[in-house]
Number of protein chains: 2
Amino acid sequence: MAEISRLAESFQQTDYPVGGHDKKSVQVLKRALEAIDGSVESDIYGTGSLIEDFQAKIAKYLGKESAVFFPSGTMAQQIALRIWCDQKGLKRVAYHPLSHLEIHEADGIKELHGIETVLLADSDRLIRLEDVLQVQGDFACLLLELPQREIGGQLPEYAELEAISAYCREKGIKLHLDGARLFEILPYYQKSAAEVCALFDSVYVSFYKGIGGIAGAILAGTAEFTQESKVWKSRYGGNLISLYPYLLTADYYFDQRVHKMEQYYADAKELAAYYNRCQGVATRPTTPVSNMFHVHIDAPKAVVEPLLVSIYEATGIGFTPYLRATSETTCYYEVSVGDRYAAIPKAKLQAAFQLLDEYLSASKSQQTHP
Amino acid sequence: MAEISRLAESFQQTDYPVGGHDKKSVQVLKRALEAIDGSVESDIYGTGSLIEDFQAKIAKYLGKESAVFFPSGTMAQQIALRIWCDQKGLKRVAYHPLSHLEIHEADGIKELHGIETVLLADSDRLIRLEDVLQVQGDFACLLLELPQREIGGQLPEYAELEAISAYCREKGIKLHLDGARLFEILPYYQKSAAEVCALFDSVYVSFYKGIGGIAGAILAGTAEFTQESKVWKSRYGGNLISLYPYLLTADYYFDQRVHKMEQYYADAKELAAYYNRCQGVATRPTTPVSNMFHVHIDAPKAVVEPLLVSIYEATGIGFTPYLRATSETTCYYEVSVGDRYAAIPKAKLQAAFQLLDEYLSASKSQQTHP
């Protein structure tokens, strides 16, 4: 097993981890199954009411004609891009430099499909219409990730999104939504999922981020598009004989949580404000536009780690299980607000933030006056 | 939903379906989970003791250095072949014309990897050493499926297998085992899994055939090979955040059933003998070499279907939920023996076979003397 860090170990022992819904344990599956009768028939190779009903339910929610359940978003999105490339007869797509496809999939899109990728915008900001306009040469598909996770979960203004969509339609460029966190951004946009998805030709959504299922994804679009995606799903070995453990949990937690995104968003804004009042801490974005943000700390990882451990031990509040160095003198981590946040006693949370502010101020003062 | 046939409907209502372990329902998952404490931590992207311990356990059982759990065998096997092709710098592999890769994967191996496939032997018989010797030009890997499912689950003599293995080693051709039903053939060969696997460079085994889990596969080989397979697993979108529903059930039913393969094999031989005593019925192979065989009936599908329904209704015995036409005048189906067989009252089973023999004799007599 991978060695567990002192910080992660300490985090695991806190009474009040700040992010997420639950500990990632088998209980997540057991709870969902309690409500299910054992005689419910398995889905079989993508057929059966268990999978077909869920696909129809999510297609309707997304305002799309058809939807297909996939074991993973990685598989679903590569397939979406491949279908659009084949349709245009051009293996070239565009996305953000920090897209999941570019940094978390071991170059699957290139190695399995030979698709050329055009990286839009800089890695520290969102894609804008002008970035799309400036691409040299044609391309089959533009993938937009809403929110852009690796820069803290930022969102373009809705009007910019509409302008990009209109431009792509005009130019015959397919627009694909990486909606891994689509449910989470609807309160900010004040739009329905169907309204947002109407701007896109194909849409992927995930069931284990804000929804808190175990794994699994939906790919949605026209019936023709999803039919083609099923062929690729077979090619990938994604058409498992049964996907019901993921289907059942996706469906269960979707019903439990999709209406709570407004609360998570409000909680994230409150939590970010606590962070931003601390010395040397800045959230990105400053005011969250979903349930997520990044916490950037103006101090070295090696300095911050023991401070966090002290805070966890003193207060029982757990901010994060890890830190990533962004430079020799700075570090960051990601926060996603879920069910847990509401259960934290405010006084304890405030005490933890007070300690964080004090420790970082003292650390700063030591650095500047050694 | 797909329309359910009259035969399938009638089969579902029988008290004694002859093949398999259980009805494919959520109960399969619930039963395995009863033994698991909810606090057991999820596997996370291929790490954690839940997945690592199971991989180590199966690696040891197979006598291989290392093993990786995959959501599906389709994914695992394409990846194995790709790795061997890359290692040799030659995208050419050989397998049986009725290999799973050739007929059940929508040409994934070709569409995703551009691998050329050489089809060995004829589609109605096993691959022999002489077929391998006759291939024109070099190739990177030979895939052997043991038993060859689509021809009823046939097996080469062990000496032939050893000769093929020795030849491949001599020629620098990697030998891959499609061991979807490896556990099931060990009683016939009177070998351990490790002994059989020692003839192969890489091995895939499945956990939802004789083992009766929900889905999932293991790919095993050297540590270097499995490390490379993990990269491809990420590329395919197979490195799910959590695979534990499949892992837990694979492990649970492996322990429940891997030692019962001898019984299933004996039962299959008994069952095949019942079939072979019926007019116009022949099993393939005549004497099974595992828990599986095919039942070939010398009568048209449309004639046999209502006869089977009558037998199911009269006796409560269910032979098969489907028939496949092999010609205008013949049909067949597959049988895999599992836990259910032992629970069937022998008198009822014999009564059902007596009816089958009578009905088919009468049907034959009508055909020949109309």
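Residues numbered from 1 in each chain as written. Chains lettered and ligands numbered in written order. Predicted model: local features only at pLDDT ≥ 70, side-chain atom pairs only at ≥ 80, totals over all residues. Heavy atoms only, no water.

1. Quick notes on the interface of chain B and chain A
At step 1: At the junction of the two partners, chain B supplies 55 residues and chain A supplies 55 residues.
At step 2: Buried area between chain B and chain A, summed over both chains or domains, comes out near 4300 Å², and the portion from carbon and sulfur atoms is 62%.
At step 3: Taken as a group, V26, L112 and R235 of chain B account for 15% of the area that chain B buries against chain A, more than any other trio of residues on that side.
At step 4: Viewed at the interface, chain A and chain B are joined by one salt bridge.
At step 5: With a shortest N-O distance of 4.0 Å, K23 of chain B and E41 of chain A are connected by a salt bridge.
At step 6: Our count for the chain B to chain A interface comes out at 28 residue pairs in polar contact (both at pLDDT 80 or more). (Contact = heavy atoms within 4.5 Å. Buried area = accessible area lost by both parts, 1.4 Å probe. Salt bridge = Lys/Arg side-chain N within 4 Å of Asp/Glu carboxyl O. Polar contact = N/O pair within 3.5 Å; in protein donor to acceptor, adjacent residues only side chain to side chain.)

2. A word on the pattern of salt bridges
At step 1: Following the criterion strictly, the structure yields 35 salt bridges over all chains and no others.
At step 2: Here the salt bridges do not stand alone but share partners, grouping D22, R31, R257, K260 and D339 of chain A into one network.

3. Focus on the UniProt feature "domain: Aromatic amino acid beta-eliminating lyase/threonine aldolase" (unreviewed entry) in chain A
At step 1: When the UniProt feature table is mapped to this numbering, "domain: Aromatic amino acid beta-eliminating lyase/threonine aldolase" (unreviewed entry) covers residues 40-296 of chain A.
At step 2: With 45% helix and 17% strand, residues 40-296 of chain A has end C-alpha atoms that lie 47 Å from one another. (UniProt positions renumbered as here; feature names shortened; annotations may be inferred. Helix = DSSP H or I, 4+ residues; strand = E, 2+ residues; numbered from the N terminus.)

4. Description of the relation of the copies chain B and chain A
Mapping one chain copy onto the other needs a rotation about an axis and a shift along that axis.
At step 1: Superposition record for chain B on chain A: RMSD 0.0 Å, screw rotation 180°, translation along axis 0.0 Å. What we have between these two chains is a two-fold relation. No C-alpha of chain B lies nearer the rotation axis than that of L112 of chain B, which sits 2.6 Å from it.
At step 2: A share of 100% of the interface residues of chain B reappears at the interface of chain A, consistent with the copies meeting face to face through the same patch. (Least-squares fit on C-alpha atoms with pLDDT ≥ 70 in both.)

5. Some thoughts on the sheet that holds strand β13 (residues 331-336) of chain B
Residue and element names in this part refer to chain B.
At step 1: One open sheet accounts for four strands, arranged β9-β10-β13-β12; its pairing is antiparallel. Strand pairing shows two members of the sheet lacking a second neighbour, β9 (281-284) and β12 (324-325), which therefore form its edges.
At step 2: Two elements, β9 and strand β10 (residues 292-297), share four bridges in a ladder whose sense is antiparallel. By the bridge assignment, A282 is partnered in β10 with H296. (Pairing = 2+ DSSP bridges.)

6. Focus: helix α8 (residues 158-171) of chain B
At step 1: With 14 residues, α8 of chain B extends 20 Å from end C-alpha to end C-alpha; this agrees with the ideal 20 Å at 1.5 Å per step.
At step 2: Once α8 of chain B ends, the next one or two residues include G172 of chain B, with phi positive near 70°. (Expected span 1.5 Å × (residues − 1).)

7. Some thoughts on the side chain of T283 of chain A
Residues and elements named next belong to chain A.
At step 1: Structurally, the position occupied by T283 is in strand β9 (residues 281-284).
At step 2: Within polar-contact distance, the side chain of T283 engages the backbone oxygen of P285 at 2.9 Å.
At step 3: Each residue touching T283, except ones within four places of it in the same chain, is listed here: A272, Y275, N276, F293 and H294.

8. Here's the deal with the domain arrangement of chain A
Residue and element names in this part refer to chain A.
At step 1: The domain boundaries assigned to chain A delineate domain 1 (6-22 + 260-364) and domain 2 (43-241).
At step 2: Contact with domain 1, which involves 15 residues of that partner, is made by 20 residues of domain 2.
At step 3: Taken together, both faces of the contact between domain 1 and domain 2 bury some 1400 Å²; the carbon and sulfur share is 57%.
At step 4: Of all residues in domain 1, the largest losses of buried area upon contact with domain 2 belong to M261, R284 and V289, amounting jointly to 41% of the total for that side.
At step 5: Our count for the contact surface shared by domain 1 and domain 2 stands at one salt bridge.
At step 6: On the surface where domain 1 and domain 2 come into contact, there are four residue pairs in polar contact (both at pLDDT 80 or more).
At step 7: Elements represented by at least two residues in the side of domain 1 that touches domain 2 include exactly α13 (261-276), β10 (292-297) and β13 (331-336).
At step 8: Element by element, the count of residues in the side of domain 1 that touches domain 2 is highest for α13, at four residues.
At step 9: Residue classes in the side of domain 1 that touches domain 2 are distributed as eight nonpolar, four polar and three charged. (Domains from an automatic or database assignment. Nonpolar A, V, L, I, M, F, W, Y, C, P; charged D, E, K, R; others polar.)

9. Things to note about the packing of aromatic side chains
At step 1: Enumeration over the complete set of coordinates arrives at 44 aromatic pairs over all chains.
At step 2: Between the aromatic rings of F54 of chain A and F69 of chain A, the centroid separation amounts to 5.9 Å while the plane-to-plane angle is 75°, which identifies the pairing as edge-to-face. Taken as a pair, F54 of chain A in helix α3 (residues 49-62) and F69 of chain A in strand β2 (residues 66-70) lie far apart in primary sequence, 15 residues in all.
At step 3: Summarising the aromatic geometry, the rings of F207 of chain A and F254 of chain A are spaced 6.3 Å apart at their centres and angled 65° between planes, so their arrangement reads as edge-to-face. Taken together, the positions of F207 of chain A in the loop between β7 (202-206) and β8 (217-221) and F254 of chain A in helix α12 (residues 244-257) put the pair 47 residues apart, joining distant regions of the chain.
At step 4: Look at F207 of chain A and you get buried, because its relative accessible area is 0%.
At step 5: These aromatic residues form a ring-pair network of at least three members: F11, Y274, Y275, F293, Y312, F319, Y333 and F353 of chain A.
At step 6: The side chain of K233 of chain B reaches across the aromatic face of F70 of chain B, ending 5.6 Å from its centre.
At step 7: Positioned over the ring face of W232 of chain B is R235 of chain B, at 4.3 Å from the centre of the ring. (Phe/Tyr/Trp six-rings, centres within 6.5 Å; stacked < 30°, edge-to-face > 60°. Buried < 20%, exposed > 50% of the residue type's maximum accessible area, 1.4 Å probe, protein only. Lys NZ or Arg CZ within 6 Å of the ring centre and 35° of its normal.)

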